[in-house]
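Chains, contacts and geometry: an overview
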Amino acid sequence: MKFTKATNYALHTMLMLVADSSVKPVGVQQLAESQNVSPTYLSKILTRLVKAGMIESVSGANGGYRLSRNKDDITFLDIIHAIEGTNSLFDCDFAHGSECLIQAVMRDAEEKMERHLKNAKLVDLAHKHTQG
C-alpha cells in the first residue's frame, strides 16, 4: 500500500503551517521551496486542503495560506482523506454472496489503520519539529 506524493506534500505542508505560530499567511512559493516542489503542483494540493476546510487562502501582496481550523484538531487522517478521498483501499471484485472473507480481513486492517491515523495529531509532531 502506498499513498500518493500529493499526500506526502500535503502532510509536510500542514506540519509547516501547524508549527508556524503566527497567523500570517505563508506564500505558496515559500511552501514549495521548502519541499523542493513546483508551486503549481503544490497549489493543486493546497486547493484540496482549502476545500476540506483545513486551510484558507488569503489574497493580496502578503497573501498565502494559513490554518482555518484549530491546529489541535487536525489529524493525519483528515489530511489523507482530503487528498486521497475516503474510498476503501481494497475492494473485492468477486461475487461471494453476502460477505467476502478476504474483504472482511482487509476492512478490519483498514479500520485499525484509520483509528491510528485519527489519533495522530500534527500538533504533537509540530512540538517535536520546533524542538529538534
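Coordinates for the structure precede this section.
The sections below set out a description of the structure shown in this document.

Rules used throughout
- Residues numbered from 1 in each chain as written.
- Predicted model: local features only at pLDDT ≥ 70, side-chain atom pairs only at ≥ 80, totals over all residues.
- Heavy atoms only, no water.
- Helix = DSSP H or I, 4+ residues; strand = E, 2+ residues; numbered from the N terminus.
- Patch = residues over 30% accessible without salt bridge, like charges linked within 9 Å, V, L, I, M, F, W, Y side chains within 5 Å.
- Areas by Shrake-Rupley, 256 points an atom, 1.4 Å probe, with all protein chains shown as cover.
- Salt bridge = Lys/Arg side-chain N within 4 Å of Asp/Glu carboxyl O.
- Buried < 20%, exposed > 50% of the residue type's maximum accessible area, 1.4 Å probe, protein only.
- Expected span 1.5 Å × (residues − 1).
- Arc of directions from axis to C-beta.
- Polar contact = N/O pair within 3.5 Å; in protein donor to acceptor, adjacent residues only side chain to side chain.

Let's shift gears to unusual backbone geometry. The residue N36 is not glycine, and still its phi comes out positive at about 55 degrees. Within the element layout of this structure, N36 appears in the loop between α2 (28-35) and α3 (39-51).

Side chains of M1, F3 and L89 sit close together on the surface and give an oily, nonpolar patch of about 340 Å² of accessible area. Positionally, M1 belongs in the segment before α1 (5-19). The exposure class assigned to M1 is exposed, which follows from its relative accessible area of 77%.

Before going further, it helps to examine α3. Here α3 spans 18 Å end to end across 13 residues, near enough to the 18 Å set by a 1.5 Å rise per residue. Every buried residue of α3 is accounted for by L42, I45, L46 and L49. Angular distribution of buried residues about the axis of α3 spans 105 degrees; they occupy a single face of the element. Turned more than 90 degrees away from the buried face of α3, the exposed residues are T40, K44 and K51. The backbone nitrogen of T40 lies 3.1 Å from a side-chain oxygen of the residue at the head of α3, namely S38. Two residues or fewer past α3, G53 is found with a positive phi of approximately 80 degrees.

The quantities given are spatial measurements derived from coordinates; they are silent on function.
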